[in-house]
Amino acid sequence: MKRVLIDYKKLDRKVAAVLIDSYPYGYGDEDIITLKKPNGDIIETVEVKTEDTIYLVKISKSLSNFISNFEENMEKELGNAEKPEAVLGESEESLNPDPDLDQEQENEGLY
C-alpha cells in the first residue's frame, strides 16, 4: 500500500468523500499524525485510507472549515450543475448595431 502526503485542496472528490466519512465531526488530537521533514519543519496530518492508498492529508485551519462545510458546498455544486444555460435568441450583431450605420441614416434624413 502506498502512502501519499497531500493537501486537502488537491484531493479528488472520492477521497474527499472518504475524508468526510472518516471525520464527520472533525478530528481530534488522537487522529493527528506528526511528520518531521528533513529540514526540521513539522507537518501534522490526518490519515485517510482507500483500497490501495493511505493519504496523509495536511492539517490547516481551512481543513476544519472544509470538513464542516463539505455537505453544503456539494449541494451548491450539484445545484449549479442542474441549472440550464441561458441561450440568446438573436445574434450579437443584431443586439449591437453598427453605430456608423445609425449616423448615416440620421444624416440622410437631414437632406
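Every value quoted in this text rests on a predicted model; they were computed, and no experiment measured them.

Peer 1: Let's hear about the overall build of the protein chain: which residues, and what values?
Peer 2: Across its full length, the protein chain holds four helices and four strands. Starting at the N terminus and ending at the C terminus, the protein chain contains elements arranged as β-α-β-β-β-α-α-α. Residues classed as buried in the protein chain amount to 20% of the 111 residues present. Look at the contacts in the protein chain between residues 6 or more apart in sequence, and 58% of them connect residues 24 or more apart. If you sum the accessible surface of the protein chain, you get close to 9,100 Å²; carbon and sulfur atoms cover 48% of it.

Peer 1: An account of the environment of Asp-52 is needed here, citing residue identities and associated values.
Peer 2: Within the secondary structure, Asp-52 sits in the loop between strand 3 (42-49) and strand 4 (53-58). Each C-alpha atom, one on Asp-52 and one on Lys-2, is 6.9 Å from the other, the two residues being 50 residues apart in sequence. With sequence-adjacent residues up to four places away left out, Asp-52 is seen in contact with Met-1 and Lys-2. At 3.2 Å, the side chain of Asp-52 forms a polar contact with the side chain of Thr-53.

Peer 1: Before we move on, can you summarise the pairing of strand 2 (residues 32-36) with the specific residues and values?
Peer 2: In this structure, strand 2 lies alongside strand 3, joined through five bridges in antiparallel fashion. Counted as the bridge partner of Lys-36 is Ile-42 from strand 3. What sits between strand 2 and strand 3 in their antiparallel hairpin is a turn of five residues, with Gly-40 showing a positive phi close to 100°.

Peer 1: Could you give me a rundown of the side chain of Thr-45, with the residues and numbers involved?
Peer 2: Take Thr-45: it is sitting in strand 3. Using a relative accessible area of 0% as the deciding quantity, one classes Thr-45 as buried. Look past the residues within four positions of Thr-45 in its chain and what remains in contact with it is Leu-5, Asp-31, Ile-32, Ile-33, Leu-35, Leu-56, Val-57, Lys-58 and Ile-59.

Peer 1: If you had to explain the pairing of strand 3 to someone new, which residues and values would you point to?
Peer 2: Pairing of strand 3 with strand 4, which is carried by five bridges, proceeds in the antiparallel orientation. Residue pairing for strand 4: Lys-49 is matched across the bridge by Ile-54.

Peer 1: Run through the nonpolar core, naming residues and quoting values.
Peer 2: In this structure, Ile-6, Tyr-8, Leu-11, Val-15, Ala-16, Leu-19, Tyr-23, Val-46, Val-48, Tyr-55 and Val-57 together form the largest nonpolar core, which totals eleven residues. Of all the secondary structure elements, the ones that give two or more residues to this core are helix 1 (13-22), strand 3 and strand 4. Of the residues forming this core, the biggest block, three residues, is contributed by helix 1.

Peer 1: Tell me about helix 1, residues and numbers included.
Peer 2: Restricting attention to buried positions, one finds in helix 1 the residues Val-15, Ala-16, Leu-19 and Ile-20. One side of helix 1 holds all its buried residues, which, seen down the axis, span an arc of 145°. Facing away from the buried side of helix 1 by over 90 degrees, the exposed positions are Lys-14 and Asp-21. Capping the start of helix 1, Asp-12 holds a side-chain oxygen 3.3 Å from the backbone nitrogen of Lys-14, two or three residues further along.

How each quantity is defined
Residues numbered from 1 in each chain as written. Predicted model: local features only at pLDDT ≥ 70, side-chain atom pairs only at ≥ 80, totals over all residues. Heavy atoms only, no water. Helix = DSSP H or I, 4+ residues; strand = E, 2+ residues; numbered from the N terminus. Buried < 20%, exposed > 50% of the residue type's maximum accessible area, 1.4 Å probe, protein only. Contact = heavy atoms within 4.5 Å. Areas by Shrake-Rupley, 256 points an atom, 1.4 Å probe, with all protein chains shown as cover. Polar contact = N/O pair within 3.5 Å; in protein donor to acceptor, adjacent residues only side chain to side chain. Pairing = 2+ DSSP bridges. Core = buried A, V, L, I, M, F, W, Y, C linked by side-chain atoms within 4.5 Å. Arc of directions from axis to C-beta.

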